[in-house]
Amino acid sequence: DFDAGHRVQVLLDGAVKAEGSSPTLVLENVDRGTHQLTVQVTNASGDILASSATNTFHLHRYSVLTAPNRPKPKPTP
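Because the structure is a prediction, the values reported are computed rather than measured.

S.K.: What is the right way to read the side chain of His 35 from this model?
M.R.: Mapped onto the fold, His 35 is located in strand β3 (residues 33-42). Using a relative accessible area of 8% as the deciding quantity, one classes His 35 as buried. Within polar-contact distance, the side chain of His 35 engages the side chain of Asp 13 at 2.8 Å. Leaving out residues up to four positions away in the same chain, His 35 has contacts with Leu 12, Asp 13, Val 30, Asn 55, Thr 56, Phe 57 and Leu 59.

What follows is the structure, given as structure tokens:
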């Protein structure tokens, strides 16, 4: 557990995208492509107490257009 007033911030590409008092946070609607992720712990005043290294990740979204074993369209007569 965090001390009173401590919060976790998730920065995606330098902008805060999730924040809370729990170490479990969810990112939603992240665009496909290359992103940078950093996690910070702040106190009640907003001062950064700890920060992770910035990690780069690549998001590939599933698409029915590129799915393996996709049914082939039937030829039109």
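S.K.: Got a minute to help me understand unusual backbone geometry in this structure?
M.R.: Trans peptide bonds make up most of the peptide bonds, and negative phi angles are found at most residues other than glycine. One non-glycine residue, Asp 13, adopts positive backbone phi at about 55°. The residue Asp 13 is located in the loop between β1 (7-12) and β2 (15-20) in this model. Take Asp 13: its relative accessible area is 45%, and that puts it in the partly exposed class. Backbone geometry places Asn 29, a non-glycine residue, at a positive phi of 55°. Residue placement: Asn 29 occurs in the loop between β2 and β3.

Calculation criteria
Residues numbered from 1 in each chain as written. Predicted model: local features only at pLDDT ≥ 70, side-chain atom pairs only at ≥ 80, totals over all residues. Heavy atoms only, no water. Helix = DSSP H or I, 4+ residues; strand = E, 2+ residues; numbered from the N terminus. Buried < 20%, exposed > 50% of the residue type's maximum accessible area, 1.4 Å probe, protein only. Polar contact = N/O pair within 3.5 Å; in protein donor to acceptor, adjacent residues only side chain to side chain. Contact = heavy atoms within 4.5 Å.

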